[in-house]
Amino acid sequence: MRSLIGSPRARRLLAGVVLIVIVLGGAALVSASQANAAPEQPIAFNHQVMVQAGVPCLFCHSDATRSTDAGMPSVDKCMGCHKVIATDSPEVQKLADYWKRQEPIPWVRVNQLPRFVYFSHQVHVVGAGLNCETCHGDVGHMTATHPVVNMTMGWCLACHQQQASARQLTDCITCHQ
C-alpha cells in the first residue's frame, strides 16, 4: 500500500498549500514593511521644526476638532506665516510657488483606512480626548511623517475594548456605518 503523501494528487495538494503559505507570508511581510514607510511628498515637510517653533498640531490640522478629517492646512494658511518666515528655505520656496500658481499642494496621504470604515477625528480628539500621538506617534520628532502603526480593525478594537463604553464601541456599526 502506497503512502498518502506518495500519491501524485497528495503531492500536488501539498505543493499548492505550500505555495499559498509562501504567497500569503510574502504579502504579509511586504504589507508590514510598507506600514512604516514615509511616502515621498511634494514638499519635504519637517514637523520637528514646527514643534520647536511652538506650533501645536491643531493649528495646522484644525479640522480634527470639528470634522471627520483632520484636514491639511491650505496653502494660504501656510503662507500666512511663510511670507516672512524662512523665505530663503528651498522647501518654503516650493510652497510659495504653489501659492503663486494658486494650486493646492498635492500631499500624499500617510495613513489610509479602507473606504468602508467610518472614522471621525472629532469623535476621537474632542469626544474621547485622545491626543494625535495616540494613533500617529510622535510626529513632532519626525523629519518625514510616516505611519507608526498598521491601522487594522484588530488594532482599533484593542483600543476600543479598553474604554468604559467598550460594549458600544465594539459594535460593528460604530465603524462600519
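Asks: Help me out: how do you make sense of helix α5 (residues 90–101) in this one?
Replies: One full turn of an α-helix is made of 3.6 residues, so residues set three or four places apart face in the same direction. Across its 12 residues, α5 extends 17 Å between first and last C-alpha, which sits within 8% of the 16 Å expected from 1.5 Å per residue. When we look at burial in α5, the residues that qualify are Val92, Leu95, Ala96 and Tyr98. The buried residues of α5 occupy an angular sector of 155° when the element is viewed end-on, so they sit on one face. Facing away from the buried side of α5, by more than 90 degrees, are the exposed residues Pro90 and Lys100. Those residues of α5 that are buried are in contact with α4 (75–82). Just downstream of α5, Gln102 is the residue with a positive phi angle, here 55°.

Asks: What is the right way to read the confidence of the model for the protein chain from this model?
Replies: Close reading of the predicted structure is inappropriate where its pLDDT is low. Scored by pLDDT, the protein chain comes out at a mean of 88, with 91% of its residues at no less than 70. For the protein chain, the element scoring lowest by mean pLDDT is helix α1 (residues 8–34), at 69; α5 scores highest, at 97.

Asks: Can you help me understand the pattern of salt bridges in this one?
Replies: A side chain of one charge can pair with a side chain of the opposite charge when the charged atoms of the two come close. Counted by the stated rule, this structure contains three salt bridges. Note that Asp63 and Arg66 form a salt bridge whose closest N and O atoms lie 3.1 Å from each other. Look at Asp63 and you get partly exposed, because its relative accessible area is 29%. A salt bridge links Arg101 to Glu103; its shortest N-O distance comes to 3.2 Å. Among the residues examined, Glu103 registers a relative accessible area of 35% and is labelled partly exposed.

Procedures and definitions
- Residues numbered from 1 in each chain as written.
- Predicted model: local features only at pLDDT ≥ 70, side-chain atom pairs only at ≥ 80, totals over all residues.
- Heavy atoms only, no water.
- Helix = DSSP H or I, 4+ residues; strand = E, 2+ residues; numbered from the N terminus.
- Expected span 1.5 Å × (residues − 1).
- Buried < 20%, exposed > 50% of the residue type's maximum accessible area, 1.4 Å probe, protein only.
- Arc of directions from axis to C-beta.
- Contact = heavy atoms within 4.5 Å.
- pLDDT = per-residue confidence, 0-100.
- Salt bridge = Lys/Arg side-chain N within 4 Å of Asp/Glu carboxyl O.

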